[in-house]
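Understanding the architecture of this molecule
Below are the chains, spelled out letter by letter.
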Amino acid sequence: ELELRFPKAFATVDGALLVRLPILVSPGASLLISGLDAKRVHLSADAGVFIVNAGKLYIVDAEVAGWSEGAGKVAWHEKEDSGSFRPFVISWSHSETFVGGSKLVALGYQSPKSFGLSFSAGPSNVMKRHSDKGEPSGMAVDSLFENFEYGVYTYEAQQVAMVGNEYKDSLFYGMDPHDRSHQLTIAYNTAYGTHDVALTHQVEDH
């Protein structure tokens, strides 16, 4: 259906699925990115693609990469490139995100909530309408995060597990569990080519 409504939104390039429109996973909806369907998914930086999750997002046995169509390659950043847009994944309040056995590459840039893979309370206009905070939750297990702005970022999140992951060549932090995140599980992770973990105030892990 999406391909009929937006014929240029998706393409297959060298065996990878190229996405050219932002994706919103609405409350009550689910999105599965599986290596059984497409081993590699490229999010076009040129088209301004990002994924917003307000429902359930699963990334399983797949590779998801920020992609420069102009250069025909992964949208790799050095620190001097931090202000330039790259695709990212943000999971808002009331959402669940699960990443397992996957490789996520070249995501995020230096802009609020756009650091790579983020679990964050918000957006503020939605929060005002809900008495239940519904903190975002989920897990990232046995996966590689390479050349992110921040490998995994949390803000007012709960019950997020980060176990057995590899954080390689992030521009700033491998992981940044941020303010008022609680009931986090952080274990058996490896980070190199970057700072390791930044824990800020009122963060609880176990």
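Keep in mind that what you see is a predicted model, and the values were worked out from it rather than measured.

On to the nonpolar core. If you look at the biggest cluster of nonpolar residues, it comprises 27 residues, and the most contacted ones within it are Leu 43, Ile 59, Leu 104, Leu 117 and Phe 145. Listing elements by their share of this core, those giving two or more residues are strand E5 (40-44), strand E7 (56-60), strand E13 (116-120) and strand E17 (160-163). Sequence-distant contacts of Leu 104, defined by excluding residues within four places in its chain, comprise Ile 59, Val 64, Val 99, Leu 144, Phe 145, Glu 146 and Phe 148. Judged by nonpolar contacts, the second largest core, of 5 residues, contains Val 52, Phe 88, Trp 92 and Tyr 109.

Before going further, it helps to spend a moment on the pattern of salt bridges. Taken as a whole and assessed by the stated rule, the structure comprises 3 salt bridges. Between Arg 20 and Glu 69 there is a salt bridge; the shortest N-O distance is 3.0 Å. Within this pair, whereas Arg 20 is found in the loop between strand E2 (16-19) and strand E3 (23-25), its partner Glu 69 is found in the loop between strand E8 (63-68) and strand E9 (73-74), the two being separated by 49 residues in sequence. Residue classification places Arg 20 among the partly exposed residues on the basis of a relative accessible area of 28%. Notably, a salt bridge pairs Lys 168 with Glu 146, separated by 3.8 Å at the nearest N-O pair. Taken together, the residues Lys 168 in strand E18 (residues 166-168) and Glu 146 in strand E15 (residues 144-146) connect sequence positions 22 residues apart. Its relative accessible area of 26% is what places Lys 168 among the partly exposed residues. On the accessibility criterion, Glu 146 (11% relative accessible area) is buried.

Criteria and thresholds
- Residues numbered from 1 in each chain as written.
- Predicted model: local features only at pLDDT ≥ 70, side-chain atom pairs only at ≥ 80, totals over all residues.
- Heavy atoms only, no water.
- Core = buried A, V, L, I, M, F, W, Y, C linked by side-chain atoms within 4.5 Å.
- Buried < 20%, exposed > 50% of the residue type's maximum accessible area, 1.4 Å probe, protein only.
- Helix = DSSP H or I, 4+ residues; strand = E, 2+ residues; numbered from the N terminus.
- Contact = heavy atoms within 4.5 Å.
- Salt bridge = Lys/Arg side-chain N within 4 Å of Asp/Glu carboxyl O.

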